[in-house]
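This is what each chain is made of:
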Amino acid sequence: MTFDFFEGAAGTGKSHNLVGRAGEIVQDGILGEGHRLLALTFMNGARRRLDARLGENSAFRRRFDCQTFDVFARTVAARRRSLITPAMQAQADALSEFDGPCALAAGLLENEAVQKWVTRSFPLILVDEAQDLDEHRMRVLQGLSPSCRIVAAADAFQCLHNGRDTAPLMGWLEGAGQTHRLTLVRRTTQQGLLATALAVRQRRDVKSVLTANTFNNRTTWNGAGFRLLDAPATNANHALLTWAIANDIAQRQGPVVILTPDAGNAIIRAALNTLQTKQHTRKNGATFGPYPHTWDRHDNEEANALLADIALPETASCADLRALLTPLAGHAPIAQALNRMDRLRRAHGQTAFTATQVTAFVQESVRNRSRMGFRQQRGHLVMTIQRAKNREFPNVIVLWPHTATGSAEHLRRLLYNGITRAQNHCTVIVLGQNRLSAPPFAPRAVVQDRSG
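Quantities reported herein were computed from a predicted structural model and do not represent experimental measurements.

### Re the nonpolar core
A general tendency of soluble globular proteins is for nonpolar side chains to be buried together.
Move 1: Within the largest apolar cluster, 39 residues are counted, with the highest numbers of intra-cluster contacts made by Phe72, Val127, Leu144 and Leu173.
Move 2: With residues near it in sequence (within four places) discarded, Phe72 still touches Leu38, Leu40, Gln67, Leu109, Val118, Val140 and Leu144.
Move 3: Val206, Val257, Phe393 and Leu414 belong to the second-largest nonpolar core, a separate cluster that totals 35 residues.

The following block contains the structure:
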């Protein structure tokens, strides 16, 4: 079957072209009676966004399914379980709860009968953000390729898995069919923003494409749509970082999204907590702030945050748990967990629940709401750079702490993904001083050997 592969940097319209090419193929009549398009992604967030894009296109007439590779793999493994050999099962058992089903599905898809079985439902398959696929999920895609028409999109530099070698995957994608290289960035026209992103991608000193401005002994580097500065903030004076964030938000029109590679950094946490309530005053008397914001977390992080201030007993009655959780029932996942306990009490006579059960109820509710796209939001958004993948926002602030970890290449990819989320403006605030002449902001300095 034909394979179309779209490759390009951030903002070049890979997802747009992915959906557009699928629309052309559908118009040519690939979806017959009982056929559906299958869209596969690595993460649920990307799945929701791709689902929305497909839903906006009349060519598909709601004849599509969006799934993660993990969900699809579990379905294949469950439906074709009779074909799983002991060797395949042993291999899967040695892997994680997510990788195991993918390994099983990949093994099953080596069977021509299973390939044709999938094709009878899904003759056309879309894969977005394909650079994230590991060896197990790549094998799933390879198993689908002989019988299904595939349209995929990827950019190796946007893989954020530290140390993962994307060369085998990208080599296979480029050799599987027709490659379409996208070079024009459409997300923004801000030249400073574009130049900085390109400098990071090409491993150049980002300051070399910006203009230095010094005021009150503090230097910032600026370009159209971009600003770079450092903030000598510590645990003791995190207010310096709070002021830098608030000052930047005050200069922007529209919502601001704050990104960081390390959501657990103590200085960032303290500064953002202060940002919620503190009003700042300029020398001319003008005020700005406070700026409420919401953390956009992964599902389990969201569930754990809801239960963080509750000391759940190891086992408690339904009545005691209701008294403990009702003050937080304004949060939908807590309310849904309470309703589930009530249903189990009425239908099955269960009168006590463990802390593990209650936590699982809340986590499942958060996951379900996340799949449906329901998240409560107040004010601006804060999230990790990893969570912001494949998304775009009018204004972005990237908070870069010294606790960002990984190889120099990994740090550059994180910074690039943070910068390229912005449509209008991006400000990068680096915690600490004298850190702008090292990766990811500049190539690693070469120490010359002067001995002898």
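### Points about the environment of Arg80
Move 1: Take Arg80: it is sitting in the loop between helix H3 (69-79) and helix H4 (86-93).
Move 2: It is 9.8 Å that separates the C-alpha atoms of Arg80 and Leu104, two residues lying 24 residues apart in sequence.
Move 3: Setting aside residues no more than four positions away along its own chain, Arg80 makes contact with Leu108, Val114 and Trp117.

### Topic: the packing of aromatic side chains
Move 1: Per the stated rule, a full pass over the model turns up six aromatic pairs.
Move 2: Judged by centre distance (6.5 Å) and plane angle (75°), the rings of Phe60 and Phe64 are edge-to-face. Each member of the pair Phe60 and Phe64 is classed as buried.
Move 3: Taking the centre distance of 6.3 Å and the plane angle of 75° together, the rings of Trp243 and Phe288 count as edge-to-face. Separated by 45 residues along the polypeptide, Trp243 in helix H10 (residues 239-250) and Phe288 in strand S12 (residues 287-288) bring together distant segments of the chain.
Move 4: On the basis of relative accessibility, which here comes to 40%, the residue Trp243 falls in the partly exposed class.
Move 5: We classify Phe288 as buried; its relative accessible area is 5%.
Move 6: A cation over a ring is seen here: Arg80 above Trp117, with NZ or CZ 5.1 Å from the ring centre.

### So, helix H16 (residues 408-419)
What sets the pattern is the α-helix's 3.6 residues per turn: residues three or four places apart point alike.
Move 1: Helix length check: H16, at twelve residues, gives a terminal C-alpha distance of 17 Å against a target of 16 Å (1.5 Å per residue), a fit within 8%.
Move 2: The buried count for H16 comes to eleven of twelve residues, which makes it a mostly enclosed element.
Move 3: Against the buried residues of H16 lie helix H9 (191-201), strand S9 (226-231), strand S10 (256-260), strand S17 (393-400) and strand S18 (422-431).

### Observations regarding the pattern of salt bridges
Move 1: Within this structure, the stated rule accounts for 27 salt bridges.
Move 2: Glu129 is the partner of Lys389 in a salt bridge, and the nearest nitrogen-oxygen pair spans 3.6 Å. In this pair, Lys389 is assigned in the loop between strand S16 (380-384) and S17 and Glu129 in the loop between strand S4 (124-127) and helix H7 (135-144), connecting sequence segments 260 residues apart. For the pair Lys389 and Glu129, a shared accessibility class is recorded, and that class is buried.
Move 3: The salt bridge involving Asp155 is made with Arg201; its shortest N-O contact spans 2.7 Å.

### Focus: the sheet that holds strand S5 (residues 149-154)
Move 1: Taken in spatial order, the six strands make up an open sheet running S3-S2-S4-S5-S1-S6, and their pairing is parallel. Of all the strands in the sheet, just strand S3 (64-68) and strand S6 (178-182) have a single pairing partner and so form its edges. Ignoring which end each strand starts from, the neighbouring axes of this sheet average 15° apart.
Move 2: Bridge analysis of strand S2 (residues 37-41) against S4 gives four bridges, and the strand direction is parallel. Bridging across to S4, Leu38 finds its partner in Ile125.
Move 3: Running at roughly 125° to strand S1 (residues 3-8), helix H8 (residues 167-175) makes contact with S1, S5 and S6 of the sheet.

About the criteria used
Residues numbered from 1 in each chain as written. Predicted model: local features only at pLDDT ≥ 70, side-chain atom pairs only at ≥ 80, totals over all residues. Heavy atoms only, no water. Core = buried A, V, L, I, M, F, W, Y, C linked by side-chain atoms within 4.5 Å. Buried < 20%, exposed > 50% of the residue type's maximum accessible area, 1.4 Å probe, protein only. Contact = heavy atoms within 4.5 Å. Helix = DSSP H or I, 4+ residues; strand = E, 2+ residues; numbered from the N terminus. Phe/Tyr/Trp six-rings, centres within 6.5 Å; stacked < 30°, edge-to-face > 60°. Lys NZ or Arg CZ within 6 Å of the ring centre and 35° of its normal. Expected span 1.5 Å × (residues − 1). Salt bridge = Lys/Arg side-chain N within 4 Å of Asp/Glu carboxyl O. Pairing = 2+ DSSP bridges. Axes fitted to C-alpha atoms, helices over the stretch in contact; angles between N-to-C directions.

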